[in-house]
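Now for the letters of each chain:
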Amino acid sequence: MHKIRVDLHERSYPIYVKNGILPFVGSILKQMQINPCVALISSKNVSALYKDVVELSLVREGFNVNYILMPSGEANKNLETVQYLYDKMLDLKIDRGSTVIALGGGVVGDTAGFLAATLYRGLTLVQIPTTLLAQVDSSIGGKVGINHPRGKNLIGAIYQPKIVIVDPTVLKTLDFRQRVSGFGEVIKYGFIRDRIFTQFLLENSLDILSLKNLDHVNAAIIRAIEIKSFIVSADEYESNLRMVLNFGHTIGHAIEQAAGYGTYTHGEAVIIGMCGALNISAEMGLLPAETAKQYIQYLQKIPIPGSLKKYSNDNMYEAITHDKKIRDGKIQFVLLQKIGDAVIRNDVPKKMIYNTFDWLKELHFAKEY
Ligand SMILES: NC(=O)c1ccc[n+]([C@@H]2O[C@H](COP(=O)([O-])OP(=O)(O)OC[C@H]3O[C@@H](n4cnc5c(N)ncnc54)[C@H](O)[C@@H]3O)[C@@H](O)[C@H]2O)c1
Ligand SMILES: [Zn+2]
């Protein structure tokens, strides 16, 4: 079992990664002296696949498990679902000493995490992420929250879990495009922090995505978690360092918004956004053009459906200017001065951003896998 620690003083916590760890959730939580009353929260698909194994392991160790099924999908990551969960928790008489276990992707983790952060001013939270994106990103760092009709993730808190338990084997049942979505974030960690890791990921991208070699998948998840944990430990409240986690996200969010949420998965948009950011890094004279080109070519081997051609540059630019990555009216771009070394720049000319949109429209990604 691999153990990574998120170092946040009295709120520090471990992340356990191991293939086939789900049947041991009960014994791990017992060892951590988690209170016997737990609320196990999951959504339909994940529940059908993994609820029984987790529940059984908890019951075997003497936990009193209250299972709550929550509606799945981004559209249900809202206040109505949280209200429903509050009601269920109160109906089931789940008290202040209890623990919320979030079993699922980022939607379940963010929503159940927000419930845990707010009910009785805070319940113990355990994250068991089941998508690649949730395993390497959303379950770590303590951001929990829900959407408001006017925007994504507008309501939330920073509330750290007690432990995160990651079983990479659950990715076998995850759609290929959902794996790509998480993989976008994994590569991002490489680009901002670790050149050798980036090289490893990009040379093995299709093997990792098709789960051909679970050791590679495991290694990728562990290194990704280490990098995210390091950054979160150094900057919990996103004052500065944590901003580098937005690499690929300025253009990525613009694409998601212009195309309509759901057209591209988040990670697909981030992969396109990283190509844009590499291109801008070269245009700004930070990265040799040859280096940028080489890494863009690697990224193009990842299958991403669709084309950006039908989206207007004005709409994409408009989306960037409405994004939260604006400070003092200036767009903050995370760029690379080396592979593995990110810088924040707010002086990218508008014309260069428009040119990058045009360039991205001509960039082709693999269609098949
Ligand atoms: N808190 C953070 O720091 C943070 C960071 C990034 C993203 N997010 C949030 O995460 C959410 C996206 O999360 P996501 O990409 O995990 O999507 P998701 O939670 O919607 O899961 C995607 C789909 O995969 C299914 N699924 C999950 N695990 C599965 C498995 N092992 N096998 C088969 N199917 C499975 C789910 O039922 C769902 O249909 C967004 O709401 C985003 O805002 C939060
Ligand atoms: Zn992201």
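Every value quoted in this text rests on a predicted model; they were computed, and no experiment measured them. Each chain carries its own residue numbering, running from 1 in the written order of its sequence. The order in which chains are written sets their letters, starting at A; the order in which ligands are written sets their numbers, starting at 1. Only residues with pLDDT of at least 70 get local features here, since the model is predicted, and only at 80 or more are side-chain atom pairs given and counted; chain-wide, interface and lining totals rely on the full set of residues.

Runs of H or I in DSSP of at least four residues are treated as helices and runs of E of at least two as strands, each being numbered from the N terminus. What the protein contains, in helices and strands, is 14 helices and 13 strands. A radius of gyration in this sense is built from C-alpha atoms; the matching globule rule multiplies 2.2 Å by the number of residues raised to 0.38. Rg of the C-alpha trace for the protein: 20 Å, near the compact-globule value of 21 Å for 369 residues, within the 12% margin. Dimensions of the protein along its principal axes, counting C-alpha atoms only, are 60 × 40 × 40 Å. Three exposure classes are used, based on other C-beta atoms lying within 10 Å of a residue's own C-beta, which is placed from the backbone: buried for 20 or more, exposed for 12 or fewer, and partly exposed in between. Put simply, the protein has 369 residues, and 47% of those count as buried.

Our focus in this paragraph is the domain arrangement of the protein. Segmentation of the chain into domains, including their bounds, is taken from an automatic or database domain assignment. Here the domain parsing of the protein yields domain 1 (2–173) and domain 2 (195–361). Of note, the centres of domain 1 and domain 2, computed from C-alpha atoms alone, are 28 Å apart. Contacts between the two partners involve 20 residues from domain 1, matched on the other side by 18 residues from domain 2. Contributions of two or more residues to the side of domain 1 that touches domain 2 are made by strand 1 (2–6), strand 2 (13–17) and helix 5 (132–138). Of all the elements, helix 5 adds the most residues to the side of domain 1 that touches domain 2, at four residues. Here the term charged refers only to Asp, Glu, Lys and Arg, the term nonpolar to Ala, Val, Leu, Ile, Met, Phe, Trp, Tyr, Cys and Pro, and the term polar to all other amino acids, Gly among them. For the side of domain 1 that touches domain 2, the per-class residue count stands at twelve nonpolar, four polar and four charged. The contact criterion used is a C-beta to C-beta distance within 7 Å, with each C-beta placed from the backbone.

Along the chain, F333 turns up in strand 12 (residues 333–338). Assessed through the 25 C-beta atoms surrounding it within 10 Å, F333 is described here as buried. Residues F333 and A258, spaced 75 residues apart in sequence, show a C-alpha to C-alpha distance of 19 Å. Those residues in contact with F333, other than ones at most four positions away along the chain, are T250, A277, I280, R345 and V348.

Near, as applied to residues and a molecule or strand, means the residue's backbone-placed C-beta atom lies within 6 Å of it. Contacts to ligand 1 come from 29 residues, most closely from G105, G106, V107, T131 and S138. Elements represented by at least two residues in the shell around ligand 1 include exactly helix 2 (44–60), helix 4 (106–118), helix 5, strand 8 (151–158) and helix 6 (176–193). Residues of the shell around ligand 1, tallied by class, amount to eight nonpolar, 15 polar and six charged.

Along strand 7 (residues 143–148), five of the six residues are buried, which leaves the element largely enclosed by surrounding structure. Criterion used throughout: strands pair if DSSP finds at least two bridges between them. Across five bridges, strand 7 lies against strand 8 in antiparallel orientation. Within the sheet, the bridge partner assigned to H148 lies in strand 8 and is G151. Connecting strand 7 to the antiparallel partner strand 8 that follows it, the hairpin turn spans two residues.

Overall, mixed pairing links the seven strands, which are arranged 1-2-9-6-5-3-4 in an open sheet. The two strands at the open ends of the sheet, each matched to only one other strand, are strand 1 and strand 4 (64–69). Geometrically, the sheet is characterised by an average inter-axis angle of 20° between neighbouring strands, direction not taken into account. Relative to strand 9 (residues 163–166), strand 6 (residues 124–129) runs parallel, the two sharing two bridges. Looking at the pairing, V126 lines up with I163 of strand 9. Axis definition: a line fit to C-alpha positions, over the contact stretch in the case of helices; interaxial angles, taken between N-to-C directions, run 0 to 180 degrees. Where helix 4 meets the sheet, its contacts fall on strand 3 (37–42), strand 5 (99–104) and strand 6, and the angle it forms with strand 5 comes to roughly 170°. Helix 9 (residues 214–234) contacts strand 1, strand 2 and strand 9 of the sheet and is inclined by roughly 15° relative to strand 1.

Below, the discussion takes up the packing of helix 11 (residues 266–283) against helix 14 (residues 350–361). One can describe the packing of helix 11 onto helix 14 by two numbers: an axis separation of 10 Å at closest approach and a directional angle of 130°. Viewed along their axes, helix 11 and helix 14 adopt a mutual orientation that is oblique. Viewed along their axes, helix 11 and helix 14 form a crossing whose handedness is right-handed. Residues I272, C275, G276, N279, I280 and E283 of helix 11 form the contact with helix 14, whose own contacting residues are M352, T356, W359 and L360. These descriptions rest on fixed angle ranges, namely under 35 degrees for roughly parallel, over 145 for roughly antiparallel, 65 to 115 for roughly perpendicular, and the rest for oblique. Crossings are assigned a handedness: left-handed for a near helix turned anticlockwise from the far helix by less than a right angle, right-handed for a clockwise turn.

What follows covers the nonpolar core. A set of buried Ala, Val, Leu, Ile, Met, Phe, Trp, Tyr and Cys residues, joined to one another through C-beta atoms within 7 Å, is what we call a nonpolar core. Counting 110 residues, the largest nonpolar core has I41, V100, I101, L103, I255, M274 and A277 as its most contacted members. Ranked by residues supplied to this core, first place goes to helix 11 with nine residues. Not counting the four nearest positions on each side in its chain, A277 is found in contact with F247, G248, I251, F333, V334 and L335.

Bridging between strand 12 and strand 13 (residues 341–345) involves five bridges; their strand directions are antiparallel. Paired with K338 across the bridge in strand 13 is D341. Where strand 12 hands over to strand 13, the hairpin turn is made up of two residues, of which G340 adopts a positive phi near 100°.

Moving on: helix 4. An expected span of 1.5 Å times one less than the residue number is assigned to each helix. Between the first and last C-alpha of helix 4 there are 18 Å, a value that for 13 residues agrees with the 18 Å anticipated at 1.5 Å per step. Burial analysis of helix 4 places twelve of its 13 residues in the buried class, the great majority of the element. Listed as buried for helix 4 are G106, V107, V108, G109, D110, T111, A112, G113, F114, L115, A116 and A117. Backbone geometry just after helix 4 places Y120 at a positive phi near 50°.

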